[in-house]
Amino acid sequence: MRRFDYTVRQATPADLAPARAVMLDTVYRDFGTGYVPRWHGDIIDLAGAYVDPARHTLLVAVDAEGGVVGTGALDSRGPAHPPNPAHVAERYPSGVTAQLRRVYVRPEHRRRGLARRLVDELMAFAVADGGYRAVYLHTDPAVTGAEPFWRSIAKVVHDEREDAGGGQGIVHFDVPLG
């Protein structure tokens, strides 16, 4: 079996542009939406969203050649209502909720454990913070592999596909904190 060498670490200022490229490529290719400011504004200002604020972080997965091939972020903002269901927003209030965001891996580097490593490091960050009571994330099940991955490590708290009209089709998850 071929061994792949990757490093998962906190992003440096030099990593921000390549991390942004991974994220933008993902929203265009995998989501099919392209860049939508109200959904993806954090991608443009990674430092302001994840690097500068206390209790937030941005991680990168770097290959043996030093290229950023994956990302993962965490912030202290709970899901907003709208667009998310009110009961989900109430269950995960800002300040005490760590929200996992932008866990993306370039297609040619998938199926090598990188997303799980990124999530493990994000969870360690949340635990070390000491102020988070819950970890939340949401995913678009239309993205290949996303829903099965999150179901393998998290518990579904709301599947909008089961709502009258299908909501936004998003699946909301709780990740065990301990």
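Below: a short report on this structure. A quick note: this is a predicted structure, and the numbers were derived from the prediction, not measured.

1. Looking at the environment of S152
Link 1 in the chain: Relative to the assigned elements, S152 resides in helix α6 (residues 146-153).
Link 2 in the chain: In this structure the side chain of S152 is engaged in a polar contact, spanning 2.6 Å, whose partner is the backbone oxygen of F149.

2. What about the pattern of salt bridges?
Link 1 in the chain: Inspection of the entire model under this criterion finds 12 salt bridges.
Link 2 in the chain: Ionic pairing is found between D42 and R102, a salt bridge with its closest N-O pair at 2.7 Å. Of this pair, D42 sits in helix α2 (residues 37-44) while R102 sits in strand β4 (residues 97-105), and the two are 60 residues apart along the sequence. Of the two residues, D42 and R102, neither departs from the other in class, the shared state being buried.

3. A short note on helix α5 (residues 114-129)
Link 1 in the chain: Helix length check: α5 (16 residues) gives 23 Å between terminal C-alpha atoms against 22 Å at 1.5 Å per residue, within 8%.
Link 2 in the chain: Those residues of α5 that fall on the buried side of the exposure criterion are L114, L118, V119, L122, M123 and A126.
Link 3 in the chain: One or two steps after α5, the chain reaches G130, where phi turns positive at roughly 80°.

4. Quick word on the pairing of β4
Link 1 in the chain: Buried residues dominate β4, accounting for 9 of its 9 residues.
Link 2 in the chain: Note: strand β3 (residues 68-75) against β4, 5 bridges, orientation antiparallel. Its bridge partner being in β4, D75 is matched across the sheet by Q99.
Link 3 in the chain: The pairing of β4 with strand β5 (residues 134-139) spans 3 bridges and is classified as parallel. If you follow Q99 over to β5, its bridge partner there is Y136.
Link 4 in the chain: With α5 bridging β4 and its parallel neighbour β5, the resulting β-α-β unit is right-handed.

5. Describing the sheet that holds strand β6 (residues 155-159)
Link 1 in the chain: Pairing is mixed across the open sheet formed by 7 strands, whose spatial order is β1-β2-β3-β4-β5-β7-β6. Looking along the sheet, the strands with just one partner apiece sit at the ends: β1 (6-10) and β6. Between one strand axis and the next, the sheet turns by 25° as a mean value, whatever way the strands run.
Link 2 in the chain: Bridge count for β5 against strand β7 (residues 171-175) is 5 bridges, and the pairing is antiparallel. Across the sheet, residue L137 finds its bridge partner in β7, namely F173.
Link 3 in the chain: Here helix α1 (residues 16-29) sits on the sheet and contacts β2 (57-63), β3 and β4; the angle it forms with β3, its principal contact strand, is near 90°.

Definitions and limits used
Residues numbered from 1 in each chain as written. Predicted model: local features only at pLDDT ≥ 70, side-chain atom pairs only at ≥ 80, totals over all residues. Heavy atoms only, no water. Helix = DSSP H or I, 4+ residues; strand = E, 2+ residues; numbered from the N terminus. Polar contact = N/O pair within 3.5 Å; in protein donor to acceptor, adjacent residues only side chain to side chain. Salt bridge = Lys/Arg side-chain N within 4 Å of Asp/Glu carboxyl O. Buried < 20%, exposed > 50% of the residue type's maximum accessible area, 1.4 Å probe, protein only. Expected span 1.5 Å × (residues − 1). Pairing = 2+ DSSP bridges. Right-handed = clockwise from strand over helix to strand, strands pointing away. Axes fitted to C-alpha atoms, helices over the stretch in contact; angles between N-to-C directions. Contact = heavy atoms within 4.5 Å.

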